[in-house]
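Architecture and fold: a report
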Amino acid sequence: MKNKKMQAMCDNDNIRLSSLNSNKELAQKISDNMGVELSSCRINRFADGEVQIDIDESIRNDIIFVIQSTSTPVNENLMELLIFIDALKRASAREINIVMPYFGYSRQDRKSKARQPISSKLVANLIQTAGANRVITIDLHAPQIQGFFDIPTDHLTALLPIKKYVEENILTKHNIEDIVIISPDHGGVKRARQLAKLINCPIAIIDKRRPKPNVAEVSSIVGEIEGKICIMIDDIADTAGTLCKGADALIEKGALEVYGICVHGILSDPAIENIRNSKIKKLVITDTITLPKEKQCDEIEVISVDKLLAIAIENVYKGTSISHIFGEN
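Quick summary incoming for the structure in this document. (Residues numbered from 1 in each chain as written. Predicted model: local features only at pLDDT ≥ 70, side-chain atom pairs only at ≥ 80, totals over all residues. Heavy atoms only, no water.)

Re unusual backbone geometry
Residue Pro73 follows Thr72 across a cis peptide bond; omega there is -5°. Within the secondary structure layout, Pro73 lies in the loop between strand 4 (63–67) and helix 3 (74–90). Of the consecutive residues Asp269 and Pro270, the connecting peptide bond is found in the cis state with omega at 5°. The topology assignment puts Pro270 in the loop between strand 12 (257–265) and helix 8 (271–276). A positive phi angle, near 70°, is found at Asn61, a position not held by glycine. With a relative accessible area of 40%, Asn61 lands in the partly exposed category. For Asp139, which is not glycine, the phi dihedral falls at a positive 45°. Along the chain, Asp139 turns up in the loop between strand 6 (134–138) and strand 7 (153–156). (Helix = DSSP H or I, 4+ residues; strand = E, 2+ residues; numbered from the N terminus. Buried < 20%, exposed > 50% of the residue type's maximum accessible area, 1.4 Å probe, protein only.)

As structure tokens, this is what we get:
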């Protein structure tokens, strides 16, 4: 049942929030923010691992928002999503909107070598073919992935929650003149500049090369970082090698402290060990990916994107602009 607040907003329409297995905590936070209960569904496995989904209530002519990151285990979560979309379509849902805070396979957006797949395009095709009408996601590794979809795709950014964290937890301890935003590579310069513009400080760039996947080597640092408090921002922390080696290089070049901020905390082994052994004072991640208990530690802090997604969902449902999330008119 929907509460009175949402019923008033909905008029004669029906909105439903559904959560699969990848990020139930974030889904519940979004539900609490919107005042809309999560719909009931059962996700089971056959003996051989096949996914079986049962939807426990009628959704005919409803507008559905499905919350599911395709994070670890990537293929399991992706198959859950595809099968659930098919179930919704066959149950006569009016609209199927996929809220995918983290888009798995986003690092495979082009052919960098001969005979490689473009896996993110394949995933986009699968989501569309299954029956999705819209995708809402946050900080794609490659923004051009939006163009892989032929359905509306809202590409949000976590910069505003990150800005709030920086203002409340770093700028309260240090002068703005002492802060430098760091891009861990040339590909992340745009993101670093956006954050630097929001808090009005300069940027520096780490010049690195990647000889093979999950291996990064620092060549040099472009910009003034000596005696500064460095905030290094990236979209993904997988093994955290890029962040940790970057932090070590910054300290060696005279930085006083290094904070790491990443939108998507994948944190595959040996990420936690790397972080604990690095010069990073604190690694801040968002809850686009659930951080399991075994990976929680003092060096890692989690901030939520629940309000960002709740606003986006509500505005998509109402058919109003979401540009104000980006500080636009």
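Thoughts on helix 6 (residues 189–199)
Within the sequence span of helix 6, burial applies to Val189, Arg191, Ala192, Leu195, Ala196 and Ile199. Across the axial projection of helix 6, the buried residues extend over an arc of 160°, all falling on one side. Facing away from the buried surface of helix 6 by more than 90 degrees, the exposed residues are Lys190, Arg193 and Lys197. Asn200, located one to two residues past helix 6, shows a positive phi value of around 65°. (Arc of directions from axis to C-beta.)

Re the environment of Asp235
Looking at where Asp235 falls in the secondary structure, it is placed in strand 11 (residues 229–237). Sequence separation between Asp235 and Pro161 is 74 residues, and the spatial gap between their C-alpha atoms is 14 Å. Setting aside residues no more than four positions away along its own chain, Asp235 makes contact with Leu140, His141, Arg191, Cys262, Val263 and His264. Side-chain polar atoms of Asp235 contact the side chain of His141, separated by 2.7 Å. (Contact = heavy atoms within 4.5 Å. Polar contact = N/O pair within 3.5 Å; in protein donor to acceptor, adjacent residues only side chain to side chain.)

Re the pattern of salt bridges
This model, assessed by the stated rule, comprises 15 salt bridges. Between Arg110 and Asp109 there is a salt bridge; the shortest N-O distance is 3.2 Å. With relative accessibility at 53%, the residue Arg110 sits in the exposed group. With a shortest N-O distance of 2.6 Å, Arg134 and Asp154 are connected by a salt bridge. Taken together, the positions of Arg134 in strand 6 and Asp154 in strand 7 put the pair 20 residues apart, joining distant regions of the chain. By relative accessible area, which is 15% here, Asp154 ends up buried. By sharing partners, the salt bridges in this structure join Arg16, Glu57 and Asp62 into a single network. (Salt bridge = Lys/Arg side-chain N within 4 Å of Asp/Glu carboxyl O.)

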